[in-house]
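Residue-level structure breakdown
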Amino acid sequence: MNMTRRSFLKAASLLSLSPAGCMAMAEPAPGEWVNDVHSQLNRTRVNRIVPVDSLDALRRTIKNAQQERRAISIAGGRHAMGGQQFAADSILVDTTKLDRILNFDPKAGTVEVESGIQWPKLIADLGEHSSPEARSWGIGQKQTGADRLSIGGALGANIHGRGLRMKPFVADIGSFVVLDAEGNAHTCDRQQNTECFRLAVGGYGLFGAIYSVKLRLAPRQKVRRVVEIKTIDELLPSFERRIADGFLYGDFQYDIDEKSEDFLRRGVFSCYQPVAPDTPEPSEHKKLTSENWANLLYLAHADRSRVFDEYSRYYVSTSGQVYWSDTHQLSNYTDGYHLALDQRLDRKPGTEMITEIYVPREKLIDFIAEARNDLRRTNVEVIYGTIRLIQKDDETFLAWAKQSYACVIFNLHVEHTQAGVDHSAATFRRLIDMAIRRGGSYYLTYHRHASREQVLACYPQFPEFLRLKQKYDPEERFQSDWYRHYRDMFLNG
Ligand SMILES: Cc1cc2nc3c(=O)[nH]c(=O)nc-3n(C[C@H](O)[C@H](O)[C@H](O)COP(=O)(O)OP(=O)(O)OC[C@H]3O[C@@H](n4cnc5c(N)ncnc54)[C@H](O)[C@@H]3O)c2cc1C
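None of the values given here were measured: they were computed from a predicted structure.

1. Quick word on the sheet that holds strand β6 (residues 101–105)
With antiparallel pairing, five strands are arranged side by side in an open sheet as β6-β7-β11-β9-β10. Single-partner strands in this sheet number two, and they are β6 and β10 (185–188). Neighbour-to-neighbour, the strand axes of this sheet turn through a mean angle of 10°, independent of strand direction. In this structure, strand β9 (residues 173–179) lies alongside β10, joined through four bridges in antiparallel fashion. If you follow Val-178 over to β10, its bridge partner there is His-186. Along the sheet, helix α2 (residues 55–68) contacts β9, β10 and β11 (209–216); its crossing angle with β11, the most-contacted strand, is approximately 145°. Helix α3 (residues 119–129) rests against β6, β7 (110–114) and β11 of the sheet, and its axis sits at about 55° to β6.

As structure tokens, this is what we get:
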């Protein structure tokens, strides 16, 4: 019998709810099952989910947890893939209803928002807050590839977008209000509670529940997309030329066909250049429908030799289109898209997992050469990937952008079997080793497969980060399975 992914997950969930692994007549255990959106590999049973919709509700939840002596985990869009937003048996605070704009200051170009607001609503609400003339502010950067992600989650991971000269998200944060383990509110910025500011941004929810964030906005302007096909050897000088010409955003989407000579070496290089405000914006952009996307995703799994040709032809045909600097960053992502894909592919259930590898820019070509050989030799299915530039972060404690690196992103298919998960974990570790050998690093957001040695090589401050967490939160009210994993690795080992 061919099991669909939905029935597989349902059966798996029933089995693990039943202590003896027997489905018949067992009383369901208390709690609720949750999982991350993209990889679906972080299935966790929390004690209960508490949706919060105000500062008071957030404070009450912390007080209740304190009385119950129970840990709290905090989730926004639930897209992290290393278990940062869930902790087994914890009270899971769901922030999706904390989604209001609290204050918009068009003079200063700042907006204060509740932490659960997600990008599409923030962008839309900003538009409503300003008169057409004053509509000169937009977001600077957001993640690419998905939109239903919260500002709290962006702060927790210290995210980045495809800005050509942008520092990670910390640079877009003016201040935030955090509730500590007793439910007391503190404002953190670069003048007050600075240590907490440095720790909480990129600190994955371990230093308190963020209620609100004051964001620094960027001028909202029209930009023109310019698309060319480039090879990896041309990439860095091409990025430099675009930067010198004033382009603001850009990336390189590489060929994923492991059988082709062009694998990881040739790609769609698209950058965005500001244009005059009166440049006409077409009423209809050429764009891919959800069906087109589903088809490309299918090809990325079933026929990788065709997908790059089709995608690059489409992308090149959009060269010259004019967009707004904020909305052009929105993407097309269907939650749970892999269910339909698994049925169409008629293969074992799976999803994708992402990893981001950072290498000094002068080592990029060399890294790509080794990664190409390795991924081919080990039959890894790369479903999508890009190369971007990142600027050094000199503010956060757990900074991942330790230098102005080149960033290589791999979105890999993972079969949901033990062998499949082990295969991708080993791949991620090999890619991290390739980065370490070149003075590079990796992003902590996407998985927790790195070895102790790898974590220490890339984040030597990690044990200190955990000690400071325990100083700020001695009862460990704010927890996650990600935190427990590293506490065991570094403090209890
Ligand atoms: C398809 C996809 C594409 C992505 N693209 C990018 C990208 O281009 N660039 C990039 O940098 N990242 C990217 N990511 C990673 C993503 O940005 C991070 O995982 C981000 O944290 C997810 O936000 P979220 O709202 O889903 O947060 P969650 O997954 O819900 O939470 C993430 C972390 O933030 C904490 N948190 C959330 N809200 C609060 C709060 N109110 N108070 C305290 N802590 C809180 C959580 O406890 C957790 O530790 C991508 C992920 C996916 C799945």
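On we go.
2. So, the side chain of Ser-150
Position of Ser-150 among the secondary structure elements: in the loop between β8 (137–138) and α4 (151–157). A distance of 2.9 Å separates the side chain of Ser-150 from the backbone nitrogen of Gly-153, its partner in a polar contact.

3. What to know about the state of the cysteines
What the rule picks out here adds up to zero disulfides. Unpaired in terms of disulfides, Cys-407 finds its nearest cysteine sulfur in Cys-458, a separation of 14 Å. Look at Cys-407 and you get buried, because its relative accessible area is 0%.

4. Topic: the sheet that holds strand β18 (residues 382–389)
Strand order in the open sheet formed by eight strands is β16-β13-β15-β14-β18-β19-β17-β20, and the pairing between neighbours is antiparallel. Lying at the two open borders of the sheet, with one neighbouring strand each, are β16 (322–324) and β20 (441–442). Here strand β17 (residues 350–359) pairs with strand β19 (residues 406–415) via 10 bridges, running antiparallel. Opposite Tyr-358, over in β19, you have Cys-407 as the bridge partner. Along the sheet, helix α10 (residues 364–377) contacts β17, β18 and β19; its crossing angle with β19, the most-contacted strand, is approximately 10°.

5. Notes on the packing of helix α13 (residues 462–472) against helix α14 (residues 481–490)
Their axes nearest at 10 Å, the elements α13 and α14 cross at an angle of 115°. In terms of crossing hand, the pair formed by α13 and α14 is left-handed. For the pair formed by α13 and α14, the contact residues are Phe-462, Pro-463, Phe-465, Leu-466, Lys-469 and Gln-470 on the first element and Trp-482, Tyr-483, Tyr-486, Arg-487 and Phe-490 on the second. Looking at the contact of α13 with α14 residue by residue, the class counts come to eight nonpolar, one polar and two charged.

6. With respect to the site of the ligand
Around the ligand, 35 residues are found, and the nearest of them are Ile-74, Gly-76, Gly-77, Ser-150 and His-160. Within the side chain of Arg-388, a nitrogen or oxygen atom sits 3.0 Å from an oxygen atom of the ligand. Taken by itself the ligand offers 960 Å² of open surface, and the protein chains cover 98% of this. Of all elements in the fold, only β4 (72–75), α4 and β11 reach the threshold of two or more residues within the shell around the ligand.

7. Some words on the environment of Gly-76
Structurally, the position occupied by Gly-76 is in the loop between β4 and β5 (91–94). Given the relative accessible area of 16%, Gly-76 is considered buried. Spatially, the C-alpha atom of Gly-76 lies 6.2 Å from that of Asp-94, the residues being 18 residues apart in sequence.

8. Remarks on the confidence of the model for the protein
Residues with a pLDDT of 70 or more make up 93% of the protein, whose mean pLDDT is 93. Taken together, the stretch residues 1–25 has pLDDT below 50 and engages in 28 contacts with residues farther than four places along the chain or on a different chain.

9. Structural notes on the environment of Gly-267
Mapped onto the secondary structure, Gly-267 falls in strand β15 (residues 266–274). Once residues lying within four places of it in the same chain are set aside, the contact partners of Gly-267 are Glu-228, Ile-229, Lys-230, Phe-252, Gln-253, Tyr-254, Asp-255 and Phe-308.

10. With respect to the packing of aromatic side chains
A full pass over the atoms with the stated rule returns 25 aromatic pairs. The interplanar angle of 25° and the centroid separation of 5.0 Å between the aromatic rings of Tyr-358 and Trp-400 together place this pair among those described as stacked. Residue Tyr-358 is located in strand β17, and its partner Trp-400 is located in the loop between β18 and β19; the two are separated by 42 residues in the primary sequence. Each member of the pair, Tyr-358 as well as Trp-400, carries the same accessibility label: buried. Pairing Tyr-358 with Tyr-443 gives two aromatic rings, centres 6.5 Å apart and planes at 55°, and the pair type is tilted. With Tyr-358 in strand β17 and Tyr-443 in the loop between β20 and α12 (452–458), this residue pair connects regions lying 85 residues apart in the sequence.

11. A short note on empty space enclosed by the protein
Counted by the stated rule, this structure contains two cavities of 30 Å³ or more. Within this model, the largest cavity holds a volume of roughly 40 Å³. If you go around the largest cavity, the residues you meet are Trp-119, Ile-139, Gly-140, Gln-141, Phe-169, Asp-172, Leu-215, Arg-216 and Leu-217. Residue composition of the lining of the largest cavity, grouped by class: five nonpolar, two polar and two charged. Here the second largest cavity defines a volume of roughly 40 Å³. Every residue lining the second largest cavity is listed: Ile-72, Ser-73, Ile-74, Gln-84, Tyr-204, Gly-205, Leu-206, Phe-478 and Gln-479. Class assignment of the residues belonging to the lining of the second largest cavity gives a composition of five nonpolar, four polar and no charged.

Cut-offs used in this document
- Residues numbered from 1 in each chain as written.
- Predicted model: local features only at pLDDT ≥ 70, side-chain atom pairs only at ≥ 80, totals over all residues.
- Heavy atoms only, no water.
- Pairing = 2+ DSSP bridges.
- Helix = DSSP H or I, 4+ residues; strand = E, 2+ residues; numbered from the N terminus.
- Axes fitted to C-alpha atoms, helices over the stretch in contact; angles between N-to-C directions.
- Contact = heavy atoms within 4.5 Å.
- Polar contact = N/O pair within 3.5 Å; in protein donor to acceptor, adjacent residues only side chain to side chain.
- Disulfide = S-S within 2.5 Å.
- Buried < 20%, exposed > 50% of the residue type's maximum accessible area, 1.4 Å probe, protein only.
- Left-handed = near helix turned anticlockwise from the far one by under 90°.
- Nonpolar A, V, L, I, M, F, W, Y, C, P; charged D, E, K, R; others polar.
- Near = heavy atom within 4 Å.
- Areas by Shrake-Rupley, 256 points an atom, 1.4 Å probe, with all protein chains shown as cover.
- pLDDT = per-residue confidence, 0-100.
- Phe/Tyr/Trp six-rings, centres within 6.5 Å; stacked < 30°, edge-to-face > 60°.
- 1 Å grid on protein atoms, 1.4 Å probe; cavity = no way out; pocket = protein on both sides within 12 Å on 5 of 7 lines; lining within 4 Å.
- Points joined across faces, edges and corners; volume = space filled by probe spheres on them.

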